[in-house]
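# Tertiary structure, described
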Amino acid sequence: MKKILVACGTGMATSTMISEKIRNIMEEAGVDCTITQCILSEIRSNAANVDVVVTSMKIDEEYGVPVLLGTAFLTGMNEEETKNKLLEILSE
C-alpha cells in the first residue's frame, strides 16, 4: 500500500481538494493507497513513513522522500503531467 501525504497552508480546504483528486487518480490506476493531510509546518513530523509528499505550494526543504507540487490538481494546468509524475514516483 502506498502512503501519500498532502500538505497545504492550513491543512483544510486546499489539501482536501488535492487529496480527492489524488484518490480518484489512484482508483483509476488501481493503486491501493492511504492519503493523510497536514499543514506545511507538519510535513517533517509526518513524512517519515510516506512514499511521496504532495504540496499546495512550492517548498525547498528536503524530507527524505519525493516532494511533488500539486497545484495542477487544483488548476487543471499541467494536470496530466503531474498525474504521470505522481504515478511514476509511486511505481519506484
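Definitions and limits used
- Residues numbered from 1 in each chain as written.
- Predicted model: local features only at pLDDT ≥ 70, side-chain atom pairs only at ≥ 80, totals over all residues.
- Heavy atoms only, no water.
- Helix = DSSP H or I, 4+ residues; strand = E, 2+ residues; numbered from the N terminus.
- Rg over C-alpha atoms; globule rule 2.2 N^0.38 Å.
- Buried < 20%, exposed > 50% of the residue type's maximum accessible area, 1.4 Å probe, protein only.
- Areas by Shrake-Rupley, 256 points an atom, 1.4 Å probe, with all protein chains shown as cover.
- Salt bridge = Lys/Arg side-chain N within 4 Å of Asp/Glu carboxyl O.
- Axes fitted to C-alpha atoms, helices over the stretch in contact; angles between N-to-C directions.
- Left-handed = near helix turned anticlockwise from the far one by under 90°.
- Contact = heavy atoms within 4.5 Å.
- Nonpolar A, V, L, I, M, F, W, Y, C, P; charged D, E, K, R; others polar.
- Pairing = 2+ DSSP bridges.

### Things to note about the overall build of the protein chain
Per the secondary structure count, the protein chain includes 4 helices and 4 strands. Counting from the amino terminus, the protein chain carries its helices and strands in the arrangement β-α-β-α-β-β-α-α. Relative to the compact-globule value of 12 Å for 92 residues, the protein chain shows a C-alpha radius of gyration of 12 Å, a close match. Overall size of the protein chain, expressed as C-alpha extent along the three principal axes, is 30 × 25 × 20 Å. The buried share among the 92 residues of the protein chain stands at 38%. Summed over all atoms, the accessible surface of the protein chain reaches about 5300 Å², with 48% contributed by carbon and sulfur.

### Considering the pattern of salt bridges
Considering all chains together, one arrives at 6 salt bridges under this definition. The partner of Glu-20 in a salt bridge is Arg-23, and the shortest N-O contact between them spans 3.6 Å. Of this pair, Glu-20 and Arg-23 both sit in helix α1 (residues 13-29), 3 residues apart, roughly one helical turn. Among the residues examined, Glu-20 registers a relative accessible area of 40% and is labelled partly exposed. Here Arg-44 and Glu-61 are joined by a salt bridge, their closest N and O atoms 3.2 Å apart. Of this pair, Arg-44 sits in helix α2 (residues 43-46) while Glu-61 sits in the loop between β3 (52-55) and β4 (67-69), placing them 17 residues apart in sequence.

### Considerations on the packing of α1 against helix α4 (residues 79-91)
Interaxial distance between α1 and α4 falls to 11 Å at its minimum, and their mutual angle equals 65°. Crossing handedness for the pair α1 and α4: right-handed. For the pair formed by α1 and α4, the contact residues are Lys-21, Ile-22, Ile-25, Met-26, Glu-28 and Ala-29 on the first element and Glu-79, Lys-83, Leu-86, Leu-87 and Leu-90 on the second. Tallied by class, residues from the contact of α1 with α4 come to 7 nonpolar, no polar and 4 charged.

### Focus on the sheet that holds β3
In spatial order, the strands read β2-β1-β3-β4; together these 4 strands make up an open sheet with parallel pairing. For this open sheet the edge positions go to β2 (33-39) and β4, each flanked by a neighbour on one side alone. Across the sheet, the axes of successive neighbouring strands diverge by a mean angle of 25°, strand direction being ignored. With 4 bridges connecting them, strand β1 (residues 2-8) and β3 associate as parallel partners.

### Concerning the side chain of Ser-15
With respect to the element layout, Ser-15 can be found in helix α1. For Ser-15, a relative accessible area of 0% corresponds to the buried category. Excluding its chain neighbours within four sequence positions, the residues that come into contact with Ser-15 are Val-6, Ala-7, Cys-8 and Gln-37.

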